[in-house]
Amino acid sequence: MTAHTGPKGPAARAPAFTVLMPLWGKDVPERVEIALASATLEQQLRPDLLILTVDGPLPAALEAVVDRVAAGEFGPARVLRHDAHRGVAAALQDGLETSPHDLVARADADDICRPERFALQIPRMDAEGVDLLSSSMREFSDSVPPGTGPLRTRPLTHEAIAAYLPQHSPFHHPAVVLRRSVALAVGGYRDLPLLEDYWLWERMMLGGARMANLSEVLVDYRVDEQLFARRGGWRLLSSDLRLQRRMLLDRVTTPVGFLRNLVIRTTYRLVPGWVRRIAYRRFVENSGPVHGAA
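Each value, and the rule that gives it
- Residues numbered from 1 in each chain as written.
- Predicted model: local features only at pLDDT ≥ 70, side-chain atom pairs only at ≥ 80, totals over all residues.
- Heavy atoms only, no water.
- Buried < 20%, exposed > 50% of the residue type's maximum accessible area, 1.4 Å probe, protein only.
- Helix = DSSP H or I, 4+ residues; strand = E, 2+ residues; numbered from the N terminus.
- Pairing = 2+ DSSP bridges.
- Phe/Tyr/Trp six-rings, centres within 6.5 Å; stacked < 30°, edge-to-face > 60°.
- Lys NZ or Arg CZ within 6 Å of the ring centre and 35° of its normal.
- Arc of directions from axis to C-beta.
- Contact = heavy atoms within 4.5 Å.
- Axes fitted to C-alpha atoms, helices over the stretch in contact; angles between N-to-C directions.
- Parallel < 35°, antiparallel > 145°, perpendicular 65-115°, else oblique.
- Nonpolar A, V, L, I, M, F, W, Y, C, P; charged D, E, K, R; others polar.
- Left-handed = near helix turned anticlockwise from the far one by under 90°.
- Salt bridge = Lys/Arg side-chain N within 4 Å of Asp/Glu carboxyl O.
- Core = buried A, V, L, I, M, F, W, Y, C linked by side-chain atoms within 4.5 Å.

## Remarks on the pairing of strand 3 (residues 17-23)
Reasoning step 1: Taken across its seven residues, strand 3 has seven buried, putting it largely inside the fold.
Reasoning step 2: Residues of strand 3 alternate between two faces, with Phe17, Val19, Met21 and Leu23 on one and Thr18, Leu20 and Pro22 on the opposite face, all of them buried.
Reasoning step 3: In this structure, strand 3 lies alongside strand 6 (residues 103-106), joined through four bridges in parallel fashion. Across the sheet, Val19 pairs through a bridge with Ala105, a residue of strand 6.
Reasoning step 4: Alignment of strand 3 against strand 4 (residues 49-55), held across six bridges, turns out to be parallel. Across the sheet, Thr18 pairs through a bridge with Leu49, a residue of strand 4.

## Concerning the packing of aromatic side chains
Reasoning step 1: According to the stated counting rule, one finds two aromatic pairs in the structure shown.
Reasoning step 2: Sitting over the face of the ring of Trp199, Arg203 holds its NZ or CZ atom 4.8 Å from the ring centroid.

## Concerning helix 2 (residues 60-70)
Reasoning step 1: Leu62, Val65, Val66 and Val69 are the residues of helix 2 that are buried. Down the axis of helix 2, the buried side of the element spans an arc of 100°, and every buried residue falls inside it. Structural note: helix 2 exposes Ala60 and Ala70 on the side pointing more than 90 degrees away from its buried face.
Reasoning step 2: Those residues of helix 2 that are buried are in contact with strand 3, helix 1 (29-39), strand 4 and strand 5 (77-82).
Reasoning step 3: Gly72 occupies a position one or two residues after helix 2 and carries a positive phi of about 90°.

## Overview of the packing of helix 7 (residues 196-206) against helix 9 (residues 234-249)
Reasoning step 1: Contact geometry for helix 7 and helix 9: axes closest at 11 Å, N-to-C directions at 5°. With respect to helix 9, the element helix 7 is oriented roughly parallel. Taking contact as the criterion, the partners of Tyr198, Trp199 and Glu202 in helix 7 are, on helix 9, Arg242, Leu243, Arg246 and Met247.
Reasoning step 2: Here the residues of the contact of helix 7 with helix 9 are counted per class, giving four nonpolar, no polar and three charged.

## A short note on the packing of helix 1 against helix 2
Reasoning step 1: It is at 9 Å that the axes of helix 1 and helix 2 come closest, and there the two elements cross at 20°. Considering the angle they form, helix 1 stands roughly parallel to helix 2. Handedness of the crossing formed by helix 1 with helix 2: right-handed. For the pair helix 1 and helix 2, the contacting residues are Pro29, Val32, Glu33 and Leu36 in the first and Ala61, Leu62, Val65, Arg68 and Val69 in the second.

## What to know about the pattern of salt bridges
Reasoning step 1: The full count for this structure, using the stated rule, is 15 salt bridges.
Reasoning step 2: A salt bridge links Asp131 to Arg179; the shortest N-O distance between them is 3.1 Å. Of the two residues, Asp131 is situated in the loop between helix 4 (117-127) and strand 8 (132-140) and Arg179 in strand 10 (residues 177-179); the sequence distance between them amounts to 48 residues. With respect to burial, Asp131 and Arg179 carry one shared label: buried.
Reasoning step 3: One network of salt bridges, in which partners are shared, links Asp102, Asp126, Asp131 and Arg179.

## Things to note about unusual backbone geometry
Reasoning step 1: Despite not being glycine, Leu194 has its phi angle at roughly 65°, a positive value.
Reasoning step 2: In this structure, Leu194 sits in the loop between helix 6 (180-185) and helix 7.
Reasoning step 3: Despite not being glycine, Arg251 shows a phi value in the positive range, around 65°.
Reasoning step 4: You can see Arg251 is positioned in the loop between helix 9 and helix 10 (255-270).
Reasoning step 5: Residue classification places Arg251 among the exposed residues on the basis of a relative accessible area of 76%.

## A look at the side chain of Thr253
Reasoning step 1: The topology assignment puts Thr253 in the loop between helix 9 and helix 10.
Reasoning step 2: Non-local contacts of Thr253, meaning those with residues more than four positions away in its chain, are made with Pro166, Gln244, Met247, Leu248, Phe258 and Asn261.

## Topic: the environment of Arg68
Reasoning step 1: Structurally, Arg68 can be placed in helix 2.
Reasoning step 2: Exposure remark for Arg68: the relative accessible area of 27% places this residue in the partly exposed category.
Reasoning step 3: Separated by 35 residues in sequence, Arg68 and Glu33 have C-alpha atoms that sit 9.8 Å apart.

## As for the nonpolar core
Reasoning step 1: Of all hydrophobic cores here, the largest spans 34 residues; its most connected members are Phe17, Val19, Leu23, Leu36 and Ile122.
Reasoning step 2: Of all the secondary structure elements, the ones that give two or more residues to this core are strand 3, helix 1, strand 4, helix 2, strand 6, helix 4 and strand 11 (211-222).
Reasoning step 3: When residues of this core are assigned to their parent elements, the largest contribution, five residues, is made by helix 1.
Reasoning step 4: If near-sequence neighbours (up to four positions away) are discounted, Leu36 is found in contact with Met21, Leu50, Val65, Val69 and Phe74.
Reasoning step 5: The next biggest cluster of nonpolar side chains, apart from the first, holds 31 residues, and it includes Leu20, Ile51, Ala183 and Met205.

Take a look at the structure:
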């Protein structure tokens, strides 16, 4: 169990939990340090364990950061290593299987967790029997300071999330806390480029997971110039096709919904990056009150 001292009174008890963060050779050391501190030392409710999964070889500057993690500079930690780069799904699955705690909080190596994140999320998991919980995020970049960029929201209630899932991923992955036992029962993370999280959410929902989102912004999400460029192309379209076929077979979507989603996603993946950015802002993040209200 973890204790923390909040701004209003004495220490409170909370369920034990793990923070899971993947790392690979193209991460930026200075950003990784900020992300690590934000998810551990700066939290009002600190994790009982940090699992850092190193996915492939690292340059010397990143190895120095990993050495500090292993030495306990960011609190209790385990470092897992892949000799070769296997992808984020494999890195996350290894961390999920290794965690000694049933509650696992995701964090990315270039985002910033707000100090109150786990103090708000972790108690709710047990108090309300939630198996999968995320929150709103705000974008930031080198030119847009944290807390000032575009808002990213998602539906809040289980029912609204289930209705939204056939069209878009209903959770912000960098802000997720999940129940390890429920995730592993449906196979955990499986390789599907850039959609490994969406596929897991679908399987967890079908497996009976209780789902929710918090309206509070608990993560500042880094957006660089290449983000929307990376989200295009035939490889990502292939992932879309695989997942949409799976959702059709699982009866999560209908034949009409399947065709509609394929048309939309084919267009989205194959247009230029600047068009993709505008489309995402207009049709995903700002498509109606369902995102910000129950």
